[in-house]
Amino acid sequence: MLLISLLSVGSFLCESVSAVQLSAGVAKVDITNLEAGPANDPLYAKALVLTDGETTTVIVTVDAVAIGEIGYIKNDYLDKVREQIDKELNINPANVMINASHCHGVVCSDVAERTFKAVKQAAQNLVPVTVGVGTGHEDRIMENRRLKLENGKEIDVRHAYSLPPEEEVAGVGPIDPEIGVLRLDRIDGRTLAVVYNFACHPIEGVPTGENSADIVGFSSKVIEENLSDGTMALFVQGCAGDINPAFYKDVNRPRDAEPLGNLLGLSTLKAVRKIQCKEDNRLIVLNETLELPRADVAQRIVALDAERERLVQSLRGTFLNLKTFLPLAVKYNLATEFPSYESHRYLHEQELGREDLKKMDVTNRAHMQQYVQNIYTMEQLTRLNTNLALLRKHQADLVDSGKRSLEVELLGMRVGDFVLTTFPGELTVQIGLNIKKQSPHEHTFVAGYTNGYIYYAPTAEQLQNVGGAQEDSDCIVAPEWQKIYEDKVAEILRKIK
Ligand SMILES: [Zn+2]
């Protein structure tokens, strides 16, 4: 057994490797819940342990929806894993980063124990490494899911929402096509690990509907299979709050994450191959706590309840029902001039000075319009109900908590020229773009979904739309949070210079 007893990774490192050279080890453990039905592909907890002999950091990525709060990873998971890492490996728990890919796969119940196992194995496999950083580009597999409407509001491309009538859609939001890449090579030039950061909800699914690590499971596989044997690809989810897989609402072909993952994997490989690794022992980890204001949406709930009542009252009686409406909708769109019979009959009536068919068409069109108006109102109500349920849940939690603020953990990490900052929620993409733009470091990347989960964290501007889309409804922070957070990140980034 490779028992270095690991009572102290620190003392072990001093004996094995020089303090000026970075060392790294990787390992992965399968965390698929096999009792949850068949799996299309395995879900993993992957660990990368990095040390310069003094500072040791652990980057863990898990194929799960979130670190606690929602999904299958319990709230005690992070503390449990950190405690074990502290106790058995003597690594500072504050230096441990656990990022959830946000795939919607089902993980096993002993995921904490298995995660620790991966970290322990990685810590036992340390080898000296060289470090390289670069960026890749991928803009084919995702899209911003927030639609800007003509009335100034925004709604999401979501399974839970019917999309609005096309004429109401005025524009779409941004994406971040950048793939942030940290490459670690063994001294002999073989790749050991690729850490890659990208922003997209990995929620495409596979045609069988089976359990899956989704897009990022496939991209990691492509990366690993095309580099040196034993290379570990660790996907770190970025600011994916409002980023969906492309064609997310397609109903004409089976949903399949594999081609999207393959594209992301190939684009990452392209970047990896351009990176020249060199000796670089800069390893800094900062762990800071930030207090953020909680949202109080009581007034908004009252306003939305009133809006719902208004919509319900606006529903009018209709001549048509679904059965009579559908064939008319086909006919009146197929032959707009002569929908109800062949053209010669219309011409015949015209010759006789009659307009029976034309008059019926006018009446039918009016009935169809009334019917469609009710349908649109119904669609609005379904979206409103979904959003109100989210707002009510979070408002009840606010009242139960008795607190007007919450604390979040932020990490700042530097490995050579690779700079990463983390947040425990679903940052929307603009926030990641802002942080990158303002950073003093060329290669700055942002990871959401890390070391906890506080739901969506949209921009202050997006929070003017509370109750309109998922990110602003499934959210527990007040609009002022964005400036407080971005200022704090700027401070952290300055410190890890
Ligand atoms: Zn999400």
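Structure: see above.
The notes below deal with the structure included here. (Residues numbered from 1 in each chain as written. Predicted model: local features only at pLDDT ≥ 70, side-chain atom pairs only at ≥ 80, totals over all residues. Heavy atoms only, no water.)

**Focus on the overall build of the chain**
Item 1. The number of helices and strands found in the chain is 12 helices and 19 strands.
Item 2. When the backbone C-alpha atoms are referred to their principal axes, the chain occupies close to 105 × 50 × 45 Å.
Item 3. Counting every position in the chain, which comprises 497 residues, the buried fraction comes to 55%.
Item 4. For the chain, long-range pairs separated by at least 24 residues make up 79% of all intrachain contacts whose partners lie at least 6 apart in sequence.
Item 5. Here the chain displays about 22,300 Å² of accessible surface, and carbon together with sulfur accounts for 51% of that area. (Helix = DSSP H or I, 4+ residues; strand = E, 2+ residues; numbered from the N terminus. Buried < 20%, exposed > 50% of the residue type's maximum accessible area, 1.4 Å probe, protein only. Contact = heavy atoms within 4.5 Å. Areas by Shrake-Rupley, 256 points an atom, 1.4 Å probe, with all protein chains shown as cover.)

**Quick look at the packing of aromatic side chains**
Item 1. The final tally for this structure, using the stated rule, is eight aromatic pairs.
Item 2. Measuring from centroid to centroid gives 5.4 Å for F418 and F445, while their planes differ by 35°, and the two rings are tilted. Of this pair, F418 sits in strand β16 (residues 418-422) while F445 sits in strand β18 (residues 444-447), placing them 27 residues apart in sequence.
Item 3. Relative to Y485, the ring of F423 lies with its centre 4.8 Å away and its plane at 65°, an arrangement referred to as edge-to-face. Note that F423 is positioned in the loop between β16 and β17 (426-427) and Y485 in helix α12 (residues 481-495), a separation of 62 residues in sequence.
Item 4. A relative accessible area of 0% means that Y485 is categorised as buried.
Item 5. Cluster of aromatic residues (ring-pair linked, three or more members): F423, W481 and Y485.
Item 6. Positioned over the ring face of Y44 is K28, at 4.3 Å from the centre of the ring. (Phe/Tyr/Trp six-rings, centres within 6.5 Å; stacked < 30°, edge-to-face > 60°. Lys NZ or Arg CZ within 6 Å of the ring centre and 35° of its normal.)

**Quick word on a negative patch on the surface**
Item 1. A surface patch of negative charge is lined by D76, D79, E83 and D86.
Item 2. Since its relative accessible area comes to 47%, D79 is described here as partly exposed. (Patch = residues over 30% accessible without salt bridge, like charges linked within 9 Å, V, L, I, M, F, W, Y side chains within 5 Å. Salt bridge = Lys/Arg side-chain N within 4 Å of Asp/Glu carboxyl O. Lys, Arg positive; Asp, Glu negative; His and termini not counted. Charge placed at Lys NZ, Arg CZ, Asp CG, Glu CD.)

**Notes on the pattern of salt bridges**
Item 1. Considering all chains together, one arrives at 32 salt bridges under this definition.
Item 2. For the salt bridge of D188 with R190, the shortest nitrogen-to-oxygen distance reads 2.9 Å.
Item 3. The class of R190 is partly exposed, set by a relative accessible area of 41%.
Item 4. Linked through salt bridges whose partners overlap, the residues forming this network are R145, R146, K148, E154, D156, E471 and D472.

**A word on helix α3 (residues 111-124)**
Item 1. Compared with an ideal rise of 1.5 Å per residue, which puts 14 residues at 20 Å, α3 spans 20 Å between its outermost C-alpha atoms and is within 8% of the ideal.
Item 2. Residues V111, A112, T115, F116, A118, V119, A122, A123 and Q124 constitute the buried set of α3. (Expected span 1.5 Å × (residues − 1).)

**Remarks on the state of the cysteines**
In a disulfide, the sulfur atoms of two cysteines are covalently bonded to one another.
Item 1. Overall, the coordinates contain zero disulfides when judged by the stated rule.
Item 2. The thiol of C239 is not disulfide-bonded; the next cysteine sulfur, from C200, is found 13 Å away.
Item 3. Of the residues examined, C239 reaches a relative accessible area of 5% and is grouped as buried.
Item 4. Just so you know, C475 is unpaired, no disulfide at all, and the nearest cysteine sulfur is the one on C239, 14 Å from it. (Disulfide = S-S within 2.5 Å.)

**A closer look at the sheet that holds strand β14 (residues 283-293)**
Item 1. Read across the sheet, four strands follow the order β14-β15-β16-β18 without closing on themselves; strand pairing throughout is mixed. With one partner strand each, in any of the chains shown, β14 and β18 form the two edges of the open sheet. Neighbour-to-neighbour, the strand axes of the sheet open up by a mean angle of 20°, direction not taken into account.
Item 2. Where β16 meets β18, four bridges bridge the pair, whose relative direction is parallel. Looking across to β18, one finds that T422 is bridged to A447.
Item 3. Each of β14, β15 (405-415), β16 and β18 is contacted by α12, which is oriented at about 160° to β14, the strand it contacts most. (Pairing = 2+ DSSP bridges. Axes fitted to C-alpha atoms, helices over the stretch in contact; angles between N-to-C directions.)

**Let's talk about the pairing of strand β10 (residues 178-186)**
Item 1. Most of β10 is tucked away: seven of the nine residues are buried.
Item 2. Direction of pairing for β10 relative to strand β11 (residues 191-198): antiparallel, over a ladder of six bridges. Counterpart to L184 in the pairing with β11 is A193.
Item 3. In textbook terms, the turn of a hairpin is the stretch between consecutive antiparallel strands, and for β10 and β11 this stretch comprises four residues, one of which, G189, has a positive phi near 95°.

**Regarding the coordination of the zinc ion**
Where a metal carries four tetrahedral donors, each ideal angle is 109.5 degrees; where it carries six octahedral donors, the ideal angles are 90 or 180 degrees.
Item 1. The zinc ion binds to the protein through H102 (NE2), H201 (NE2), E426 (OE), E426 (OE) and Y456 (OH); the donor distances cover 2.1 to 2.7 Å.
Item 2. For the zinc ion, all donor residues lie on one chain, and their spacing in sequence is H-x98-H-x224-E-x29-Y. Of this pair, H102 sits in the loop between β4 (96-100) and α3 while Y456 sits in strand β19 (residues 456-457); the two residues are 354 residues apart in sequence, bridging distant segments of the chain.
Item 3. Judged by its relative accessible area of 3%, Y456 falls in the buried class. (Donors = N, O, S within 2.8 Å, 3.2 Å for Na, K, Ca; no water.)

**Quick word on the side chain of E349**
Item 1. Tracing the backbone through its elements, the reader meets E349 in helix α8 (residues 343-352).
Item 2. With no salt bridge to any partner, buried E349 finds its closest opposite charge in R345, at an N-O distance of 4.5 Å.
Item 3. Among all residues touching E349, those that are not within four sequence positions of it are R354, E355, D356 and L357.

**Quick notes on the packing of helix α6 (residues 298-314) against helix α9 (residues 356-401)**
To characterise two packed helices, one gives the angle between the axes of the helices and the distance between these axes.
Item 1. As a packed pair, α6 and α9 sit with axes 10 Å apart at the nearest point and diverge in direction by 160°. The orientation of α6 with respect to α9, classified from their angle, is roughly antiparallel. Where α6 crosses over α9, the handedness of that crossing is left-handed. In this structure, α6 uses A298, I301, L304, D305, E307, R308, L311, V312 and S314 to contact α9, whose residues at the interface are N374, T377, Q380, L381, L384, N385, L388, L391, R392 and Q395.
Item 2. Class assignment for the residues of the contact of α6 with α9 results in nine nonpolar, six polar and four charged. (Parallel < 35°, antiparallel > 145°, perpendicular 65-115°, else oblique. Left-handed = near helix turned anticlockwise from the far one by under 90°. Nonpolar A, V, L, I, M, F, W, Y, C, P; charged D, E, K, R; others polar.)

**Quick notes on the packing of helix α2 (residues 77-89) against α3**
Item 1. For the pair α2 and α3, the least separation of the axes is 9 Å and the interaxial angle reads 35°. Once α2 is placed against α3, the crossing between them reads as right-handed. Of the residues in α3, those in contact with Y77, K80, V81, Q84, I85, E88 and L89 of α2 are V111, A112, E113, T115, F116, V119, K120 and A123.
Item 2. Residues that form the contact of α2 with α3 fall into these classes: nine nonpolar, two polar and four charged.

**Considering the sheet that holds strand β7 (residues 146-149)**
Item 1. With respect to topology, three strands assemble into an open sheet ordered β8-β7-β9, the strand pairing being antiparallel. A single partner strand is all that each edge strand has here, and the edge strands are β8 (154-156) and β9 (169-172). Neighbour-to-neighbour, the strand axes of this sheet turn through a mean angle of 35°, independent of strand direction.

These figures come from the coordinates and say nothing about function on their own.
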